[in-house]
Amino acid sequence: MSQQQTVILVGAGHAHLHVAAHAEALVKCGARVVLVDPTEFWYSGLATGMLGGMYEPEADQIDPRPLIEARGGEFIQDRVESVDSCARQLHLDGGGVLAFDYVSINVGSRVDESAILGADNDPSVWSVKPVANLWKLREYLEARFCERKILRVAVVGGGPTGSEVTANLTALAGCYDIDLRVTLITNNDRLIPEAPAGAARALQRKLTKRGVVIRTHTHIVRREGESLIAEDGRVFEADVVVLALGLEAHPLVYKTGLPTHPKNGLRINAMLHSIDDERVFAAGDCAAMEGFNLPKLGVFGVRQAAYIHANLLASLDSKPLATYEPQKRYLAILNLGDGTALSTWGPFWWNGSSSMWLKHWIDHRFLKQYR
Ligand SMILES: Cc1cc2nc3c(=O)[nH]c(=O)nc-3n(C[C@H](O)[C@H](O)[C@H](O)COP(=O)(O)OP(=O)(O)OC[C@H]3O[C@@H](n4cnc5c(N)ncnc54)[C@H](O)[C@@H]3O)c2cc1C
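In this text, all values refer to a predicted model and were calculated from it rather than measured experimentally.

Engineer: Mind laying out the overall build of the protein, listing which residues take part and the relevant values?
Structural biologist: From N to C terminus, the protein includes nine helices and 26 strands. A compact globule built from 371 residues would reach a C-alpha radius of gyration of about 21 Å, and the protein, at 21 Å, matches this within 12%. Across its three principal axes, the protein shows a C-alpha extent of roughly 70 × 40 × 40 Å. In the protein, which comprises 371 residues, the share counted as buried stands at 45%. At a minimum sequence separation of 6, the contacts of the protein that also span at least 24 residues come to 64%.

Engineer: Just give me the short version of the domain arrangement of the protein, but keep the residues and values in it.
Structural biologist: Domains assigned within the protein are domain 1 (6-110 + 248-316) and domain 2 (113-245). On a C-alpha basis, the centres of domain 1 and domain 2 stand 30 Å from each other. With twelve residues of domain 1 at the interface, the matching set in domain 2 holds 15 residues. Every element with two or more residues in the side of domain 1 that touches domain 2 is listed here: helix 3 (44-51) and strand 10 (109-111). Counting residues per element, the side of domain 1 that touches domain 2 draws most heavily on helix 3, which supplies six residues. Each residue belonging to the side of domain 1 that touches domain 2 can be placed in one class, and the counts come to five nonpolar, six polar and one charged.

Engineer: Describe the environment of Lys206, listing the residues and the values that go with them.
Structural biologist: Counting through the fold element by element, Lys206 comes out in helix 7 (residues 197-209). Considering only alpha carbons, one finds Lys206 and Arg88, 118 residues apart in sequence, at a separation of 52 Å.

Engineer: Account for the sheet that holds strand 6 (residues 80-84), naming residues and giving values.
Structural biologist: Taken in spatial order, the three strands of this open sheet run 6-7-8, and their pairing is antiparallel. The open sheet is flanked by strand 6 and strand 8 (97-99), the only strands paired with a single partner. Adjacent strand axes in the sheet meet at a mean angle of 20° when their direction is disregarded. Summarising the sheet, strand 6 and strand 7 (residues 89-92) pair through four bridges and their orientation is antiparallel. Each bridged residue has a counterpart across the sheet, and for Ser82 the counterpart in strand 7 is His91.

Engineer: Quick rundown of the environment of Asp112? Include the residues and the values.
Structural biologist: You can see Asp112 is positioned in the loop between strand 10 and strand 11 (125-127). For Asp112, a count of 16 C-beta atoms within 10 Å translates into the label partly exposed. Each C-alpha atom, one on Asp112 and one on Leu243, is 8.9 Å from the other, the two residues being 131 residues apart in sequence.

Engineer: Describe the pairing of strand 21 (residues 265-268), with residues and values.
Structural biologist: In the sheet, strand 20 (residues 260-261) pairs with strand 21 via two bridges, with the strands oriented antiparallel. Within strand 21, the position partnered with Thr260 by the bridge is Leu266. Counted along the chain from strand 20 to the antiparallel partner strand 21, the turn is three residues long. Here strand 21 pairs with strand 23 (residues 287-289) via three bridges, running parallel. Looking across to strand 23, one finds that Leu266 is bridged to Ala287.

Definitions and cut-offs
Residues numbered from 1 in each chain as written. Predicted model: local features only at pLDDT ≥ 70, side-chain atom pairs only at ≥ 80, totals over all residues. Helix = DSSP H or I, 4+ residues; strand = E, 2+ residues; numbered from the N terminus. Rg over C-alpha atoms; globule rule 2.2 N^0.38 Å. Buried ≥ 20, exposed ≤ 12 C-beta atoms within 10 Å, placed from the backbone. Contact = placed C-beta atoms within 7 Å. Domains from an automatic or database assignment. Nonpolar A, V, L, I, M, F, W, Y, C, P; charged D, E, K, R; others polar. Pairing = 2+ DSSP bridges. Axes fitted to C-alpha atoms, helices over the stretch in contact; angles between N-to-C directions.

Right, here's the structure in full:
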């Protein structure tokens, strides 16, 4: 009888939720399937709405343990410290060592706090990742609002995340009828630079109407006391800073000994495994697909999910692997915190309550699958 093969899923990210929910196929193939994650999965699609007071944190989380255990797999609540691709072992924070035949990594991304000198370890600076930070930020702000303190908040980063966070900060302040002074700072010449210009103008109008001060062409380089200092010497005072600088791959993929892209993660091919090791798969924000520069968005992890599952199954069965091709266009919907949302799809955009309805439907349909 052949020896049982072990498949380890590192991180309960978007792709691995799908693999966990379909783990019985791998188990039927004779494999031991283990999912390792230190926490619950926090869904970023609802995160800014949670910050703005629209959702409570429970609505934004999925517990991966029952998901995989109900399908014959195992769950280990721990953090993976490193993956030794040569020895086919991974090391856990708690001291354990797990041997694997196949490993798939779906650990997401981080904000590079070191891009702003003095930002890391400053308790007044909040990163948008991990997503649970946005719940802690809401709790912090709500406590300050109860003291009726006027706060100055600076959001650094004018991409979709920074803009959505800004809109929802004003929504949260609105719930408490508080005067929150919000400045949105970007080094670009406009907000959401990848979106159509008309969409960016509509967003800017909406935020400005709510009292948000928008500073374009401003490259923040340092945090000193309550000041944020721009490259050209301008100073912005802020009691609270939110960093939405753009995402880079989780540091774990740089501890695999396998080829990586400097910021985008483990270099993978169209079969979603490392270009150097067909036993190490990766998906989502921690993976850099050869020939593409995919934005760090959950939608790509969601699309890759079925391929990761199929290719793990094919590998166990020694069958040919499927190839994934990323979609050229994707729907992005920004929750603007006032019951409306801004949708973009390639050159098209629209904004209003129908966009918010669509976002709500998509997000809840996604979460329902895994509850
Ligand atoms: C505020 C905000 C809003 C966003 N909104 C959207 C949106 O509306 N639509 C969209 O498409 N994208 C959105 N994004 C981007 C989106 O969050 C990411 O692209 C997405 O989360 C990446 O998914 P992933 O599956 O790669 O990883 P994640 O969803 O981040 O999951 C990673 C998992 O790995 C686990 N993990 C981390 N380290 C370890 C370790 N060492 N060992 C074991 N497990 C580990 C984590 O606990 C987590 O469960 C948003 C991002 C932010 C910050």
